[in-house]
Number of protein chains: 2
Amino acid sequence: MAISPPRPKSFALTALRAFEASARLGGFSAAAQELGVTPGAISAQIKSLEAELGAPLFQRSAKGVVLTPLGAQSLPGFGQAFDQLGLAVQQMRDAAAPRVVHIATLPAIAQFWLSPRLPQLRAEMPGTEISITALEQPPNLKRTSYDLCLFFAETEGTILAEDVIFPVCSPALAEQLTTPMDLLNLPCLYDTSWEEDWEHWLTQAALPHHIAPRGPVYSLYALAVEEALNGAGVLIGHEALLTPYLAGGQLVAPFGQKAILPKALRLWSMAGRHADSASQEVARWLKTKRQTPPRQG
Amino acid sequence: MAISPPRPKSFALTALRAFEASARLGGFSAAAQELGVTPGAISAQIKSLEAELGAPLFQRSAKGVVLTPLGAQSLPGFGQAFDQLGLAVQQMRDAAAPRVVHIATLPAIAQFWLSPRLPQLRAEMPGTEISITALEQPPNLKRTSYDLCLFFAETEGTILAEDVIFPVCSPALAEQLTTPMDLLNLPCLYDTSWEEDWEHWLTQAALPHHIAPRGPVYSLYALAVEEALNGAGVLIGHEALLTPYLAGGQLVAPFGQKAILPKALRLWSMAGRHADSASQEVARWLKTKRQTPPRQG
DNA sequence: GATTTAGACTCACTTTTTCTGACCTTAGAT
DNA sequence: ATCTAAGGTCAGAAAAAGTGAGTCTAAATC
């Protein structure tokens with residue numbers, strides 16, 4: 001009958017969130033990614049939760065984790081609770097700053113697709129503040145505070161443009177190219193997050209795979225584009241992103257073959273937003289005003 | 001179009017909890033009490049939340065805080081979310097340790113009412129682990145992980161015993177007492193958390209208030225009882241707690257007058273528990289087995 | 001059968017968050 | 001006028017959370 005320590009603390013909220021994410025996503029690494037921490041942090045959180053609880057929530061193996069019956073049984077309740085919490089946060093933010101729209105997108109999309117359209121968007125929607133966050137992966141809208149997601153994806157939301165890819169290079173370099181076989185003698189640029197682009201293109205163009213030797217790798221698409229503009233090699237380009245350069249002639253497509261990737265440029269928001277919210281207005285604008293903006297600079 | 005910092009962090013869960021508690025309870029101090037921290041901590045949490053949000057949630061004044069429209073509008077959502085979270089935790093704990101019952105109660109009740117009954121309870125419910133936490137205030141069952149609350153309260157739950165109070169003292173001391181007026185010459189013991197007991201008794205016994213001068217104060221009822229047993233003075237006693245001593249003759253009631261306080265000894269649990277849960281079994285046992293246990297020691 | 005790979009764990013260390021404790025301020029109540 | 005209750009502030013302390021490098025294991029691949 002011990003008199004308790006001063007603080008009758010409930011469970012650690014962070015640990016509960018770590019559990020929910022891990023259970024929902026089926027692994028600590030995935031949860032770590034969603035929550036923006038390292039897997040080790042998740043591992044520690046779960047461990048402390050299990051210790052406090054006195055029972056394991058996951059069964060560990062070298063291949064990953066599997067929920068125990070206890071964990072599986074607990075997941076739905078926490079899922080709902082955190083959904084509701086996220087919704088409450090969303091609504092609070094909306095009420096506090098109704099004219100602010102947070103867009104999450106790929107760095108490359110932000111720079112090459114969204115940025116050129118922003119001036120006109122801002123001009124047509126004065127009073128609406130648009131902030132853009134570049135992320136490598138689409139965030140979970142239920143758990144983060146972004147209003148819109150703009151990524152290459154297969155199913156979610158609505159398509160803004162198909163992802164058409166084909167080699168591009170500077171006009172000077174293009175003069176040296178007549179057939180795809182000429183690629184063998186040139187650097188083939190690509191971005192790390194789109195490693196399979198060359199392969200996809202070669203496949204869809206029915207060309208042998210070996211003709212695109214690995215060239216310089218860039219961790220940022222912008223860098224690769226810059227190099228292509230400088231004539232440093234042939235880049236496997238995404239049409240949607242490079243339209244201004246192609247229209248302006250700074251980049252040209254030396255070959256006719258094009259490939260369409262299964263993941264199109266898509267825009268989505270959280271289900272259940274008011275149609276008259278600022279975010280939905282922005283979404284509508286982005287969906288309709290699809291004309292190529294003028295090349296800037 | 002800044003590329004965001006590495007962590008697309010959502011809101012701090014702790015701050016949201018602080019907001020919810022403050023809004024629900026109508027003040028930072030009350031929230032601090034429920035969450036087991038100092039008011040300063042709550043103040044800081046709310047401040048950081050408001051800063052992140054860019055809008056105030058409370059309107060401050062020297063007298064207290066009032067929700068802004070934004071805060072008032074946000075409260076229900078968070079209330080539901082944290083209710084659901086608490087429920088999920090509760091269910092998880094139940095599933096993890098179905099035979100463990102946590103009881104929250106006053107230190108005095110724990111020692112003088114519950115403790116004497118525990119041996120028999122444990123004997124009749126083997127396999128059920130009962131843990132007791134002594135708190136000065138009844139915790140919010142929706143937000144903490146206790147199964148049962150046992151406190152003096154006016155409305156909640158079911159009555160286990162009325163709170164009948166009257167002066168008690170050692171038999172030796174009682175011989176010197178014939179009328180309440182004799183109290184003027186003796187120390188009148190009382191516990192800090194029951195400061196008004198003497199007054200209540202005097203009122204209900206229709207006696208002048210001045211005859212119970214303030215005597216030694218104890219921060220723990222157990223200490224006051226100990227002193228009374230030692231003959232150090234007259235204690236304003238709670239019948240429910242002192243039954244064993246009265247039955248055993250270690251303490252006697254020198255006067256006939258008794259008073260009944262509006263707050264009875266009551267037991268309650270969170271709504272919606274399964275009737276076959278261990279906590280409900282324990283609750284049933286406590287409600288039915290009301291006979292006075294033998295004085296121990 | 002050897003190698004790679006993905007996922008998780010450990011541990012020492014660092015960073016960040018959270019909390020306290022002492023003191024100040026304010027407005028209504030005594 | 002003084003008291004009291006409720007907040008605010010701030011420096012420093014304590015606790016929590018997170019990192020990063022290295023290890024382990026089992027399945028998948030070569």
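Residues numbered from 1 in each chain as written. Chains lettered and ligands numbered in written order. Predicted model: local features only at pLDDT ≥ 70, side-chain atom pairs only at ≥ 80, totals over all residues. Heavy atoms only, no water.

Enquirer: Please set out the relation of the copies chain B and chain A residue by residue, giving values where relevant.
Expert: Least-squares fitting of chain B to chain A yields an RMSD of 0.1 Å, with the superposition described by an axial translation of 0.1 Å and a rotation of 180°. In short, the pair behaves as if placed about a two-fold rotation axis. For chain B, the minimum C-alpha distance to the rotation axis belongs to A81 of chain B and amounts to 2.7 Å. The share of interface residues of chain B whose copies in chain A are also at the interface is 100%, consistent with both copies meeting through the same surface. (Least-squares fit on C-alpha atoms with pLDDT ≥ 70 in both. Contact = heavy atoms within 4.5 Å.)

Enquirer: Summarise the protein's contact with DNA strand C; cite the residues concerned and give the values.
Expert: Residues in close proximity to DNA strand C total 18 residues, the closest being S29, S43 and R60 of chain A together with T38 and A62 of chain B. Counting only the atoms of DNA strand C within 4 Å of the protein, the fraction contributed by sugar and phosphate is 86%. Take T14 of chain B: an N or O atom from its side chain is 3.2 Å from a phosphate oxygen of DNA strand C. Within the side chain of Q45 of chain B, a nitrogen or oxygen atom sits 3.1 Å from a phosphate oxygen of DNA strand C. Those elements giving two or more residues to the surface near DNA strand C turn out to be α2 (28-35), α3 (39-53) and β2 (64-67) of chain A together with α3 (39-53) of chain B. (Near = heavy atom within 4 Å. Polar contact = N/O pair within 3.5 Å; in protein donor to acceptor, adjacent residues only side chain to side chain. Helix = DSSP H or I, 4+ residues; strand = E, 2+ residues; numbered from the N terminus.)

Enquirer: Tell me about the environment of A108 of chain A, residues and numbers included.
Expert: Residue and element names in this part refer to chain A. You can see A108 is positioned in helix α5 (residues 107-124). Taking the C-alpha atoms as reference, A108 lies 28 Å from A21; in sequence the two are 87 residues apart. When sequence neighbours within four positions are dropped, the list of residues in contact with A108 reads W113, W194, Y221 and L241.

Enquirer: Can you tell me about α3 of chain B, naming the residues and giving the values?
Expert: With 15 residues, α3 of chain B ought to run about 21 Å at 1.5 Å a step, and its terminal C-alpha atoms sit 21 Å apart, in line with that. Tucked inside the fold, the buried residues of α3 of chain B contact α4 (69-96) of chain A together with α1 (13-25), α2 (28-35), β1 (58-61) and α4 (69-96) of chain B. (Expected span 1.5 Å × (residues − 1).)

Enquirer: How would you explain the interface of chain B and chain A if you had to name every residue and give the values?
Expert: Residue-level contacts link 42 residues of chain B with 43 residues of chain A. Note on chain B versus chain A: buried area summed over both sides is about 3800 Å², and carbon and sulfur give 74% of it. Summed over the shared surface of chain B and chain A, the result is zero salt bridges. Our count for the contact surface shared by chain B and chain A stands at two residue pairs in polar contact (both at pLDDT 80 or more). Of all elements in the fold, only α1, α3, α4, α5 (107-124) and β4 (129-134) of chain B reach the threshold of two or more residues within the side of chain B that touches chain A. Among the residues forming the side of chain B that touches chain A, the class breakdown is 26 nonpolar, 12 polar and four charged. (Buried area = accessible area lost by both parts, 1.4 Å probe. Salt bridge = Lys/Arg side-chain N within 4 Å of Asp/Glu carboxyl O. Nonpolar A, V, L, I, M, F, W, Y, C, P; charged D, E, K, R; others polar.)

Enquirer: I'd love a proper account of the packing of aromatic side chains, names of residues and values included.
Expert: Scanning the entire structure with this criterion turns up 20 aromatic pairs over all chains. Where F151 of chain A meets W268 of chain A, the ring centres are 6.2 Å apart and the plane angle is 40°; that geometry is what we call tilted. With F151 of chain A in strand β5 (residues 148-153) and W268 of chain A in strand β10 (residues 259-269), the pair connects residues that are 117 residues apart, well separated along the chain. When its relative accessible area of 1% is taken as the criterion, F151 of chain A is described as buried. Here W268 of chain A falls in the buried class, since its relative accessible area comes to 8%. Feature note: the residues F112, F152, W194, Y221 and Y245 of chain A constitute an aromatic cluster, connected by ring pairs. Residue placement shows R117 of chain B over the ring face of W113 of chain B; its charged tip is 3.8 Å from the ring centre. (Phe/Tyr/Trp six-rings, centres within 6.5 Å; stacked < 30°, edge-to-face > 60°. Buried < 20%, exposed > 50% of the residue type's maximum accessible area, 1.4 Å probe, protein only. Lys NZ or Arg CZ within 6 Å of the ring centre and 35° of its normal.)

Enquirer: Describe the pairing of β4 of chain B, with residues and values.
Expert: Residues and elements named next belong to chain B. Bridging between strand β3 (residues 100-105) and β4 involves six bridges; their strand directions are parallel. Among the inter-strand pairings, T105 is bridged to a residue of β4, identified as A134. Handedness of the crossover joining β3 and β4 through α5 is recorded here as right-handed. (Pairing = 2+ DSSP bridges. Right-handed = clockwise from strand over helix to strand, strands pointing away.)

Enquirer: Give a detailed account of the sheet that holds β4 of chain B, specifying residues and quantitative values.
Expert: Residue and element names in this part refer to chain B. Taken in spatial order, the eight strands line up as β4-β3-β5-β10-β6-β9-β7-β8 in an open sheet, and their pairing is mixed. At either end of the open sheet lies a strand with only one pairing partner, and these are β4 and β8 (217-218). Packed onto the sheet, helix α8 (residues 221-229) meets β7 (188-191), β8 and β9 (234-238) and runs at close to 130° relative to β9. (Axes fitted to C-alpha atoms, helices over the stretch in contact; angles between N-to-C directions.)

Enquirer: Would you mind going over the sheet that holds β10 of chain A in detail, with residue names and values included?
Expert: All names here are of chain A. On the basis of which strands lie adjacent, the open sheet formed by eight strands has the order β4-β3-β5-β10-β6-β9-β7-β8 and mixed pairing. Looking at strand neighbours, the two that pair on one side only are β4 (129-134) and β8 (217-218), the edges of this open sheet. Together, β3 (100-105), β4, β5, β6 (158-168) and β10 form the strand contacts of α5, whose direction differs from that of β4 by roughly 175°.

Enquirer: Report on the domain arrangement of chain A, specifying residues and quantitative values.
Expert: Residue and element names in this part refer to chain A. According to the domain assignment, chain A consists of domain 1 (13-93) and domain 2 (100-297). Listed by partner, the interface residues are 11 residues for domain 1 and 12 residues for domain 2. Summed over both partners, the interface of domain 1 with domain 2 comes to about 850 Å²; 38% of that surface belongs to carbon and sulfur atoms. Three residues, D83, Q90 and R93, lead the burial of domain 1 against domain 2; their summed loss comes to 57% of the area buried on that side. Summed over the shared surface of domain 1 and domain 2, the result is three salt bridges. Here D83 and R143 are joined by a salt bridge, their closest N and O atoms 2.1 Å apart. Linking domain 1 with domain 2 are six residue pairs in polar contact (both at pLDDT 80 or more). For the side of domain 1 that touches domain 2, the secondary-structure elements that each account for two or more residues are α1 (13-25), α2 and α4. (Domains from an automatic or database assignment.)

Enquirer: Mind laying out the protein's contact with DNA strand D, listing which residues take part and the relevant values?
Expert: Taken together, the neighbourhood of DNA strand D is formed by 16 residues, with T38 and A62 of chain A together with F28, S29 and R60 of chain B sitting nearest. What you see for DNA strand D is that sugar and phosphate hold 88% of its atoms within 4 Å of the protein. In the model, a phosphate oxygen of DNA strand D is placed 2.9 Å from a nitrogen or oxygen of the F28 of chain B main chain. R60 of chain B has a polar side-chain atom sitting 2.4 Å from a phosphate oxygen of DNA strand D. Listing elements by their share of the surface near DNA strand D, those giving two or more residues are α3 of chain A together with α2, α3 and β2 (64-67) of chain B. Partitioning the surface near DNA strand D into residue classes produces six nonpolar, seven polar and three charged.

Enquirer: Explain the packing of α5 of chain A against helix α9 (residues 239-248) of chain A residue by residue, including any values.
Expert: All names here are of chain A. At a minimum axis separation of 8 Å, α5 and α9 run at an interaxial angle of 35°. Crossing handedness for the pair α5 and α9: left-handed. Residues A108, I109, F112 and W113 of α5 lie in contact with α9, whose contacting residues are A240, L241 and Y245. Here the contact of α5 with α9 is built from residues that sort into seven nonpolar, no polar and no charged. (Left-handed = near helix turned anticlockwise from the far one by under 90°.)

Enquirer: Got a sec to walk through the pattern of salt bridges? Specific residues and values, please.
Expert: Residues and elements named next belong to chain A. All told, the structure shown has 16 salt bridges over all chains when counted by the stated rule. Residues D83 and K142 are paired through a salt bridge, measuring 3.4 Å at the closest nitrogen-oxygen approach. Of this pair, D83 sits in helix α4 while K142 is found in the loop between β4 and β5, placing the two residues 59 residues apart along the sequence. Classification of D83 as partly exposed rests on a relative accessible area of 26%.

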